[in-house]
Protein chains: 2
Amino acid sequence: MGSPKPGHVRRLVEDEMLERIRRTLGGGIEPHGLRDDAAVVGVPGGGSLVVSIDSVVAGIHVDLTLCSPADVGWKALMGAVSDLAAMGARPVGALVALCVPAATGEGELTLGVMEGVAEASRQSGCAVVGGDLSAGGVLTVVVTVMGTLDGGRAVERAGALAGDAVFITGPCGGSAAGLRVLRERHETGRDETGQDRSLAAAYRRPEARLAEGEVARLAGAHAMIDISDGLALDLHRLADASGVGFALDTIPVAEGATLEEALGGGEDYELIVAIAPREVDDYVMRCTSAGLRPPLQIGVIRADTGSRYLGGEDLGRLGWQHAVG
Amino acid sequence: MGSPKPGHVRRLVEDEMLERIRRTLGGGIEPHGLRDDAAVVGVPGGGSLVVSIDSVVAGIHVDLTLCSPADVGWKALMGAVSDLAAMGARPVGALVALCVPAATGEGELTLGVMEGVAEASRQSGCAVVGGDLSAGGVLTVVVTVMGTLDGGRAVERAGALAGDAVFITGPCGGSAAGLRVLRERHETGRDETGQDRSLAAAYRRPEARLAEGEVARLAGAHAMIDISDGLALDLHRLADASGVGFALDTIPVAEGATLEEALGGGEDYELIVAIAPREVDDYVMRCTSAGLRPPLQIGVIRADTGSRYLGGEDLGRLGWQHAVG
């Protein structure tokens, strides 16, 4: 949803702060817990769980003048579930912490948010198993999700190899374009078109690509990430974690969105998949057999970590990072 | 930390709101997930995890003029870990979501909070396996904890039977008294006494009773709850869930605290344990063998759910509930 606000450039952005937090936590932290979208936790007595925690804060991640409380609840749960999709995991359950402003009307707000959480829970098959309710300064929804790999191995951000094909599970920029259209209509009061409606839905009710993630895992994907902060930034993160570069030749742009929105928009929750060339046919066939949209190859992984190209030009780290510091 | 603010009495308080949320979520929710301190999740491939989510919001649960950022981090992690203790579980890992105000200095605030999280993580043996960092309106720390029962069954709030002995793992009111003393000293600037220091530590650095919870579980406790919102209120909750009453004859008050603070203070994290009379000797012996403080019997469970007495007088639902509605 756009790059950091001007004036915040001197602050540490999220990736750098996470590095400092890792150092503070020292030996107590599972090494990939703050690097990947989710962490894998071994369960005494057998099995393992993929777990992740994700926050949605009103005024930071969502604009309550453009979204209903139910939309906020939906986005919070789906955003967390998307972290499971990015590891190739299937949802087992969610925990929801809701902080609502201490002011008149927070009962309605609470129930509205939880209605959206419940809708996203049914849509994704991720049951809410527990929660916490608190007064708070700003509407904040924090969701922890748990998932299973059914005995398989998680697909991490790290693992992409030189020569891998880079796929994306669908066109990008719809969510960012939806936000733009909602703002335009909010400001100008113009009538809503059919395209407005579908873009607004992409922003308000995004869907995690759970089936797509699981198929990619079963097809042997080397590395994967979901597009939560922007295709460009999230692909850079995958390349950073894997110690590789990339060369893209095409970017699928959602109808009604711009190329900039597709590259830097975020919250599309499409998956970026790096997979060996010899597995590509099998991967695409598995997607078709599962009734999924065909994935689109957008480029290849390069060995040189400094090579980060789109159409022969350097691709910047466009995308959404929280300015913190 | 005191009863709901005057003027909020017409609002729904937490217990009622949770009931409405349960109805909103309908069939999608594990029945005990929003009732007990923690939920038990079966893990595909074997085993199960006890999971819980808990929030600490500056200005609501903690006063940043009386606590350091590290204290806030400690309290957030320990408060969540205490939910594991209350089920008799052993920690497996935690996820931490941190929302910090978007203002100058939040980098220091973030690292300060995480330092306290790390200290509480080492103290409780609960490793941080993942996290999320976000800008937000008010400092908010949400912690999800996961624990194991090593193949045993969780001790829930429900399960207390008429005739059970009611134990408490230690004296109460220290945390509330610590808050009172910190406020007094903040307002008057008076010198700190030795007792002030130990009460302030009870407020700033409470400890979850993990070993005590596990011993009570292994001794066959029927029901258990941790004192997060006040001995009286949390005992009422245990009695509500179990469909029973109680008759207390004594309340152990922490040195320097008042009876009111012991009954309504909250955040002591001592455990209330209901256990069959025939198991009491074994339970007390197990505590001694484990090097724990001897638990104190404070009363008995009564069959009549309407009987809720302390020393023959009705015991009110004193304690901390968030006014929401």
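Since the structure is predicted, the reported quantities are computational estimates derived from the model, not experimental observations. (Residues numbered from 1 in each chain as written. Chains lettered and ligands numbered in written order. Predicted model: local features only at pLDDT ≥ 70, side-chain atom pairs only at ≥ 80, totals over all residues. Heavy atoms only, no water.)

A. Seen up close, the overall build of chain A. If you tally the helices and strands in chain A, you get 9 helices and 12 strands. A burial count over chain A gives 60% of its 325 residues as buried. Long-range pairs, those at least 24 residues apart, make up 83% of the contacts in chain A between residues at least 6 apart in sequence. On chain A, roughly 11600 Å² of surface is accessible, and the fraction owed to carbon and sulfur atoms is 50%. (Helix = DSSP H or I, 4+ residues; strand = E, 2+ residues; numbered from the N terminus. Buried < 20%, exposed > 50% of the residue type's maximum accessible area, 1.4 Å probe, protein only. Contact = heavy atoms within 4.5 Å. Areas by Shrake-Rupley, 256 points an atom, 1.4 Å probe, with all protein chains shown as cover.)

B. Main features of the packing of aromatic side chains. Enumeration according to the criterion identifies 2 aromatic pairs over all chains in this entry. Plain terms: the ring middles of Phe167(B) and Tyr283(B) are 5.3 Å apart, the flat faces sit at 85° to each other, and that makes the pair edge-to-face. Taken together, the residues span a long stretch of sequence, with Phe167(B) in strand β6 (residues 165-168) and Tyr283(B) in helix α9 (residues 280-289) at a distance of 116 residues. Overall, the relative accessible area of 0% leaves Tyr283(B) in the buried class. Its guanidinium or amino end placed over the ring of Tyr203(A), Lys75(A) lies 3.8 Å from that ring's centre, counting from NZ or CZ. (Phe/Tyr/Trp six-rings, centres within 6.5 Å; stacked < 30°, edge-to-face > 60°. Lys NZ or Arg CZ within 6 Å of the ring centre and 35° of its normal.)

C. Focus on the sheet that holds strand β9 (residues 271-275) of chain B. Residues and elements named next belong to chain B. Spatially, β7-β9-β6-β10-β8-β11-β12 is the arrangement adopted by the 7 strands of the open sheet, whose pairing is mixed. Both edges of this open sheet fall to β7 (223-226) and β12 (313-314), since each of them pairs with a single strand only. In this sheet, strand β11 (residues 308-310) lies alongside strand β8 (residues 245-248) in parallel orientation, the contact comprising 3 bridges. Bridged to Phe246 within β11 is Arg308. (Pairing = 2+ DSSP bridges.)

D. Focus on the environment of Ala162(A). Residue and element names in this part refer to chain A. Here Ala162 lies in the loop between β5 (140-148) and β6 (165-168). Judged by its relative accessible area of 48%, Ala162 is partly exposed. As for Ala162 and Ala276, which are separated by 114 residues in sequence, their C-alpha atoms are 9.0 Å apart. For Ala162, the residues in contact, after removing those within four places along its chain, are Ile301, Arg302 and Ala303.

E. Quick look at the environment of Leu199(B). Residues and elements named next belong to chain B. By the secondary structure assignment, Leu199 is in helix α5 (residues 194-204). For the pair Leu199 and Gly173, spaced 26 residues apart in the sequence, the C-alpha separation amounts to 9.2 Å. Leu199 has contacts with Gly174, Ala177, Gly178, Val181, Glu255 and Gly256, leaving out every residue within four places of it along the chain.

F. Highlighting the domain arrangement of chain A. Residues and elements named next belong to chain A. Looking at the assigned domains, one finds that chain A contains domain 1 (33-148) and domain 2 (165-314). A C-alpha centroid distance of 22 Å is found between domain 1 and domain 2. With 27 residues of domain 1 in contact, the opposing surface of domain 2 contributes 21 residues. The contact between domain 1 and domain 2 buries some 2000 Å² in all, and 51% of this surface belongs to carbon and sulfur atoms. At the surface where domain 1 touches domain 2, the tally comes to 4 salt bridges. Between Glu119 and Arg205 there is a salt bridge, and its shortest N-O distance comes to 2.5 Å. Put simply, domain 1 and domain 2 have 9 residue pairs in polar contact (both at pLDDT 80 or more) between them. Broken down by secondary-structure element, the contributors of at least two residues to the side of domain 1 that touches domain 2 are α2 (69-85), β3 (90-101) and α3 (106-124). Tallying contributions element by element places α2 first for the side of domain 1 that touches domain 2, with 11 residues. The class makeup of the residues in the side of domain 1 that touches domain 2 is 13 nonpolar, 7 polar and 7 charged. (Domains from an automatic or database assignment. Buried area = accessible area lost by both parts, 1.4 Å probe. Salt bridge = Lys/Arg side-chain N within 4 Å of Asp/Glu carboxyl O. Polar contact = N/O pair within 3.5 Å; in protein donor to acceptor, adjacent residues only side chain to side chain. Nonpolar A, V, L, I, M, F, W, Y, C, P; charged D, E, K, R; others polar.)

G. Inspection of the pattern of salt bridges at higher detail. For the structure on display, the rule yields 44 salt bridges over all chains. Between Arg204(B) and Asp71(B) there is a salt bridge; the shortest N-O distance is 3.5 Å. Of the two residues, Arg204(B) is situated in helix α5 and Asp71(B) in helix α2 (residues 69-85); the sequence distance between them amounts to 133 residues. Judged by its relative accessible area of 26%, Arg204(B) falls in the partly exposed class. Exposure remark for Asp71(B): the relative accessible area of 6% places this residue in the buried category. One connected set of salt bridges, linked through shared partners, spans Arg180(A), Glu184(A), Arg190(A), Asp196(A) and Glu261(A).

H. Highlighting the sheet that holds strand β1 (residues 39-42) of chain B. Residue and element names in this part refer to chain B. The 5 strands lie next to each other as β1-β2-β5-β3-β4, forming an open sheet whose pairing is mixed. One side of each edge strand has no neighbouring strand; the edge strands of this open sheet are β1 and β4 (128-136). Direction aside, neighbouring strands of the sheet carry axes that sit 20° apart on average. Lying on the sheet, α2 is in contact with β2 (48-57), β3 (90-101) and β5 (140-148); it crosses β5 at an angle near 35°. (Axes fitted to C-alpha atoms, helices over the stretch in contact; angles between N-to-C directions.)

I. Layout of the packing of helix α4 (residues 174-188) of chain B against α5(B). Residue and element names in this part refer to chain B. Between α4 and α5, the shortest axis-to-axis distance is 7 Å and the interhelical angle comes to 115°. With respect to the hand of their crossing, α4 and α5 are arranged in left-handed fashion. Between α4 and α5, the residues in contact are Gly174, Ser175, Ala177, Gly178, Leu179, Val181, Leu182 and Arg185 and Asp196, Leu199, Ala200, Ala202, Tyr203 and Arg204, respectively. Residues of the contact of α4 with α5, tallied by class, amount to 8 nonpolar, 3 polar and 3 charged. (Left-handed = near helix turned anticlockwise from the far one by under 90°.)

J. Layout of helix α7 (residues 231-242) of chain A. Residues and elements named next belong to chain A. For α7, with 12 residues, the first-to-last C-alpha span of 16 Å sits near the 16 Å given by 1.5 Å per residue. The buried count for α7 comes to 10 of 12 residues, which makes it a mostly enclosed element. Here α7 has its buried residues at Leu231, Ala232, Leu233, Asp234, Leu235, His236, Arg237, Leu238, Ala239 and Ser242. Remark: Gly243 follows α7 within two positions and exhibits a positive phi of approximately 70°. (Expected span 1.5 Å × (residues − 1).)

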